[in-house]
Every structure is written in C-alpha cells, then in structure tokens.
Amino acid sequence: MTAWLYAPVLLAAGFALGRARTDPIVSWAEDWTTPGWKHWRFWPAAPVAVACLALIWIVHPRRTLANVRSWRSGNRLHPTPQYDPEWAAKRGGPTP
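Residues numbered from 1 in each chain as written. Predicted model: local features only at pLDDT ≥ 70, side-chain atom pairs only at ≥ 80, totals over all residues. Heavy atoms only, no water.

A. Broad picture of the overall build of the protein. For the protein, the helix and strand inventory stands at 5 helices and 0 strands. Within the protein, the fraction of its 96 residues that count as buried is 7%. Approximately 9200 Å² of the protein is accessible, and the part contributed by carbon and sulfur atoms is 65%. (Helix = DSSP H or I, 4+ residues; strand = E, 2+ residues; numbered from the N terminus. Buried < 20%, exposed > 50% of the residue type's maximum accessible area, 1.4 Å probe, protein only. Areas by Shrake-Rupley, 256 points an atom, 1.4 Å probe, with all protein chains shown as cover.)

B. View of the side chain of Thr 64. Within the element layout of this structure, Thr 64 appears in helix H4 (residues 61-73). What makes Thr 64 buried here is its relative accessible area of 11%.

C. Here's a closer look at the packing of helix H2 (residues 23-33) against helix H3 (residues 42-59). Across the interface, H2 lies against H3 with an axial gap of 8 Å and an inter-helix angle of 130 degrees. When the axes of H2 and H3 are compared, the pair comes out oblique. Considering the relative orientation of H2 and H3, their crossing is left-handed. Facing Ile 25, Val 26, Trp 28, Ala 29, Trp 32 and Thr 33 of H2, the residues of H3 in contact are Phe 42, Pro 44, Ala 45, Ala 46, Val 48, Ala 49 and Cys 52. Classifying every residue of the contact of H2 with H3 by side-chain character gives 12 nonpolar, 1 polar and no charged. (Axes fitted to C-alpha atoms, helices over the stretch in contact; angles between N-to-C directions. Parallel < 35°, antiparallel > 145°, perpendicular 65-115°, else oblique. Left-handed = near helix turned anticlockwise from the far one by under 90°. Contact = heavy atoms within 4.5 Å. Nonpolar A, V, L, I, M, F, W, Y, C, P; charged D, E, K, R; others polar.)

D. Representation of H3 in the model. Helix length check: H3, at 18 residues, gives a terminal C-alpha distance of 25 Å against a target of 26 Å (1.5 Å per residue), a fit within 8%. Those residues of H3 that sit buried are Phe 42, Ala 45, Ala 46 and Ala 49. Along the axis of H3, the buried positions cluster into a sector of 115 degrees, meaning they face one direction only. Of the exposed residues in H3, those oriented more than 90 degrees away from the buried face are Pro 47, Leu 55 and Ile 58. (Expected span 1.5 Å × (residues − 1). Arc of directions from axis to C-beta.)

E. View of the packing of aromatic side chains. The full count for this structure, using the stated rule, is 3 aromatic pairs. Their ring planes at 45 degrees and their centres at 5.0 Å tell us that Trp 28 and Trp 32 sit as a pair that is tilted. Of the two residues, Trp 28 and Trp 32 are both situated in helix H2; the distance of 4 residues between them amounts to about one turn of the helix. Both rings, one in Phe 42 and one in Trp 43, keep their centres 5.0 Å apart while their planes meet at 90 degrees; by these two values the pair is edge-to-face. These aromatic residues form a ring-pair network of at least three members: Trp 28, Trp 32 and Trp 40. (Phe/Tyr/Trp six-rings, centres within 6.5 Å; stacked < 30°, edge-to-face > 60°.)

Given below as structure tokens:
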C-alpha cells in the first residue's frame, strides 16, 4: 500500500531531476574546488563535485573511461616538433 504513496513523489522527483539544469551547479563546484583543499570554499563544494563525478560515471561509463584514458596518455601520439637546421638539405630542395 505504501508503494502507491511513494510512486507520485518518485515520479515528480525524477521529472524535476530530468528537467534541472546542472551547468550552474557544476560550474560553482568547479570554481570553488579549484583553489585547493586548504581554502574554506573547497569543503562545501567538494560533496557536490564528487556527486557530479559519480553521476557522470554512472550515466556514461564508457565515455568517461575513454576520457580518463586520453587525459592520462597526454600528448604521446604527437611529439613536439624539433628544430632541424638541415631540414631543407635533407628534403632535397634548394638550399639558400
């Protein structure tokens, strides 16, 4: 009998969460956690940031894992080009 009482509340909560815009909350948490854990603003925003990260992992696990792997890999695929003073000679073109 009590399940029928909770159903409308759960439906309304699900609708409200689906319609809510989370961008301002995430931006606020990101701005307040950036200074570091020694700042007083970190502690109210940390639970919000952790909840957002947990929600991202639950909703999009494969995409989030791919993003984490790409962040960890860094820039290994494209190394920084090095200056070569003999580039034109090695290429076979006219040298100045």
